[in-house]
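Overview (structure and organization)
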Amino acid sequence: MKKWTLTLVSMLMIIVLAGCSLEPPEWAKPDSAGSGGLKKIGLSISTLNNPFFVSLKDGVVAEAQKQGIEVIVVDAQNDSAKQTNDVDDLLQQGVNALLINPADSAAISTAVQSANSVGIPVITLDRSADRGDVAALVASDNVKGGRMAAEYFVAQLGKGAKVIELEGVPGASATRERGKGFHEIADEQLDVVATQSADFDRSKGLNVMENLLQGNPDVQAVFAHNDEMALGAIEAIQSSGKNIPVIGFDGNDDAIKSIQDGKLTATVAQQPVIIGELAVKAALDVLDGKQVEQVIPAELKLVTEDKVNN
């Protein structure tokens, strides 16, 4: 009797296991009909407390509306743990594709891998993910932009000029890449007297710059990894009574106005709206089964006073 009972239990377990599917749930499967059946995409932004990323979001939303696609936008508020949770929530809401602007390129990897596990394609914007399968990165050439800033200082101030570098969020690919390009030139032709993170934040850029000016009174120029930090640095410099050229990165409206007003020296201008548009188009191509470039570039240009006022 006991033998028959064990046999029956074993048979029932086999039947149950056979009926269980290891495939992802229906809501998490890519739309086999391609973009024609696309309902919605998720957009996770590192922070909407930065004009550049607001413009990037606007580019995504405008292109999605043009294509008749719903967009769910979530703001990570520069919190990598919150961003991971946000992405999980987007997956639960049944998005067909994910557009992610990482707060931290390493920390976002877990969320990218979660999307990979249920077959949801991921496109990253402006910053990459260190791990996981990303269908495409849509971004400016940050390394080239860093080189452009250093080359400008060499041309304007000469070799050996003393320069301070304000870095972005540690761990963000944009921080690494902009710094890499800058140092490719600066380490050979400039004197980088101080490098410190200000987390892409204007108020931190102000505070960090105030401290660095005290320790480096003979500094001749400042390169900031984004415009927000550059604008904060300008405030600190003006308060000190000094006149030190500052180059930012992004080309946001406040930076352009500051250049027009003769305050900010220059910005390495990106085109965030175009980055957003290209990301949506890349997502549609992936869902249609088309091959896309792993890195989709958006053009950069160095904007100075003579260019914005002419």
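As a reminder, the structure under discussion sits directly above these lines.
Read across the sheet, 6 strands follow the order β7-β6-β8-β9-β10-β12 without closing on themselves; strand pairing throughout is mixed. Looking at which strands have only one partner, the edges of the open sheet turn out to be β7 (191-197) and β12 (301-304). For this sheet, the mean inter-axis angle between neighbouring strands, taken without regard to orientation, is 20 degrees. When strand β10 (residues 266-269) meets β12, the two strands line up antiparallel, connected through 4 bridges. Following the sheet pairing, Thr267 is matched in β12 by Val303.

With that out of the way, let us pick up the side chain of Thr265. Looking at where Thr265 falls in the secondary structure, it is placed in the loop between α9 (253-260) and β10. There is a polar contact of 2.9 Å between the side chain of Thr265 and the backbone nitrogen of Val246. Among all residues touching Thr265, those that are not within four sequence positions of it are Tyr152, Pro245, Val246, Ile259, Val303, Thr304 and Glu305.

In this section: helix α8 (residues 227-240). Taking 1.5 Å of rise per residue, 14 residues should cover 20 Å, and α8 covers 20 Å from first to last C-alpha, within 8% of that figure. In terms of residue burial, α8 counts as a mostly covered element, since 10 of its 14 residues are buried. Among all positions in α8, only Asp227, Glu228, Met229, Ala230, Leu231, Gly232, Ala233, Ile234, Ala236 and Ile237 are buried. Here α8 starts with a cap whose side-chain oxygen sits 3.4 Å from the backbone nitrogen of Glu228, and that cap is Asn226. Once α8 ends, the next one or two residues include Gly241, with phi positive near 85 degrees.

The subject of this paragraph is the nonpolar core. As a rule of thumb, soluble globular proteins bury nonpolar side chains together. Counting 29 residues, the largest nonpolar core has Ile164, Leu166, Met209 and Val222 as its most contacted members. Elements with a minimum of two residues in this core: β6 (162-167), α7 (202-215), β8 (221-224), α8 and α9. Broken down by element, this core gets its largest block of residues, 6 residues, from α8. Beyond its immediate sequence surroundings of up to four residues, Leu166 is in contact with Gln196, Gly205, Val208, Met209, Leu212, Val222, Phe223, Ala224, His225, Met229 and Ala233.

Cut-offs used in this document
- Every chain's residues receive numbers from 1 upward, in the order its sequence appears when written.
- Residues qualify for local features only when their pLDDT is at least 70, as the model is predicted, and side-chain atom pairs are given and counted only at 80 or more; totals for whole chains, interfaces and linings, by contrast, use all residues.
- Computation of side-chain values: all heavy atoms of the structure, hydrogens and water removed.
- DSSP bridges decide pairing: two strands pair if at least two such bridges lie between them.
- Only DSSP runs of H or I with at least four residues qualify as helices, and only runs of E with at least two residues qualify as strands; both kinds are numbered from the N terminus onward.
- Working convention: axes come from line fits to C-alpha atoms, limited for helices to the stretch in contact. Angles between N-to-C directions cover 0 to 180 degrees.
- Each polar contact in these results corresponds to two N or O atoms within 3.5 Å; when the atoms are within protein, one needs to be able to donate a hydrogen and the other to accept it, and residues that are neighboring in sequence are counted only if both atoms are side-chain atoms.
- Here, two residues are considered to be in contact whenever any of their heavy atoms come within 4.5 Å of each other.
- One less than the number of residues in a helix, times 1.5 Å, gives the span that helix is expected to have.
- Think of it in three bands: residues with accessible area under 20% of the maximum for their type are buried, residues over 50% are exposed, and the middle band is partly exposed, with areas taken using a 1.4 Å probe on protein chains only.
- Nine residue types can take part in a nonpolar core, namely buried Ala, Val, Leu, Ile, Met, Phe, Trp, Tyr and Cys, and a core is a set of them joined through side-chain atoms within 4.5 Å.

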